[in-house]
Amino acid sequence: VQLQASGGGLVQAGVSLRLSCAASGRTYIIYRMGWFRQAPGKEREFVAAITWSGGRTSYTDSVKGRFTISRDNAKNTVFLEMSSLKPEDTAVYYCAASRSALRAGSPQINGMEYWGKGTQVTVSS
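Criteria and cut-off values
Residues numbered from 1 in each chain as written. Predicted model: local features only at pLDDT ≥ 70, side-chain atom pairs only at ≥ 80, totals over all residues. Heavy atoms only, no water. Helix = DSSP H or I, 4+ residues; strand = E, 2+ residues; numbered from the N terminus. Rg over C-alpha atoms; globule rule 2.2 N^0.38 Å. Buried < 20%, exposed > 50% of the residue type's maximum accessible area, 1.4 Å probe, protein only. Contact = heavy atoms within 4.5 Å. Areas by Shrake-Rupley, 256 points an atom, 1.4 Å probe, with all protein chains shown as cover. Lys, Arg positive; Asp, Glu negative; His and termini not counted. Charge placed at Lys NZ, Arg CZ, Asp CG, Glu CD. Disulfide = S-S within 2.5 Å.

Visitor: Tell me about the overall build of the protein chain, and please be specific about residues and values.
Guide: Along the backbone of the protein chain there are 0 helices and 11 strands. Moving toward the C terminus, one meets the helices and strands of the protein chain in the order β-β-β-β-β-β-β-β-β-β-β. A compact globule built from 125 residues should have a C-alpha radius of gyration of about 14 Å, and the protein chain, at 14 Å, falls within 12% of that. Its C-alpha atoms give the protein chain principal-axis dimensions of about 40 × 30 × 25 Å. Put simply, the protein chain has 125 residues, and 42% of those count as buried. Here the analysis covers contacts within the protein chain between residues at least 6 apart in sequence; of these, 56% occur between residues at least 24 apart. Here the protein chain displays about 6500 Å² of accessible surface, and carbon together with sulfur accounts for 47% of that area. Here the protein chain contributes 15 positively and 8 negatively charged side chains, and the mean placements of these two sets differ by 6 Å.

Okay, here's the thing in structure tokens:
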């Protein structure tokens, strides 16, 4: 599975931005996909995830109500719609895919075997 993320950029606080992640290759093995981000000097953190067939979503608390993850199965693409962006959302955003379901209580990064190259999102105040 290959993942290609796009849509990042430099924006002002308060605006919206949509990231896309196109999957190719053996996409039929994907069970769930997610977005993660990494700010300078910080660890990579979970942002949002979605199951490929059922569309069940999960978000980290800091983005609930502002970010929306969705998928287009026909195009093998996952989107992250980000609104009301804040400077603290500045990071490199990565999409990832897993073949397996997430075990209850486990961090979303578990099982994420496939990663795309990141796309930079910079939010100025």
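Now, onward.
Visitor: Describe the state of the cysteines, with residues and values.
Guide: Such a bond, covalent and formed between the sulfur atoms of two cysteines, is termed a disulfide. All told, the structure shown has 1 disulfide when counted by the stated rule. Shown here is the disulfide that connects cysteine 21 with cysteine 95, its sulfur atoms set 2.1 Å apart. Its S-S torsion of about 60 degrees marks the bond between cysteine 21 and cysteine 95 as right-handed, since a negative value means left-handed. Residue cysteine 21 is found in strand β3 (residues 17-24), and its partner cysteine 95 is found in strand β9 (residues 91-98); the two are separated by 74 residues along the sequence. According to the relative accessible area criterion, cysteine 95 is buried, its value standing at 1%.

Visitor: Lay out the side chain of glutamine 108 in plain terms, naming residues and giving numbers.
Guide: Note that glutamine 108 resides in the loop between β9 and β10 (112-115). Given a relative accessible area of 13%, glutamine 108 falls into the buried group. Sequence-distant contacts of glutamine 108, defined by excluding residues within four places in its chain, comprise Arg32, Phe36, Phe46, Ala49, Ser58 and Leu102.

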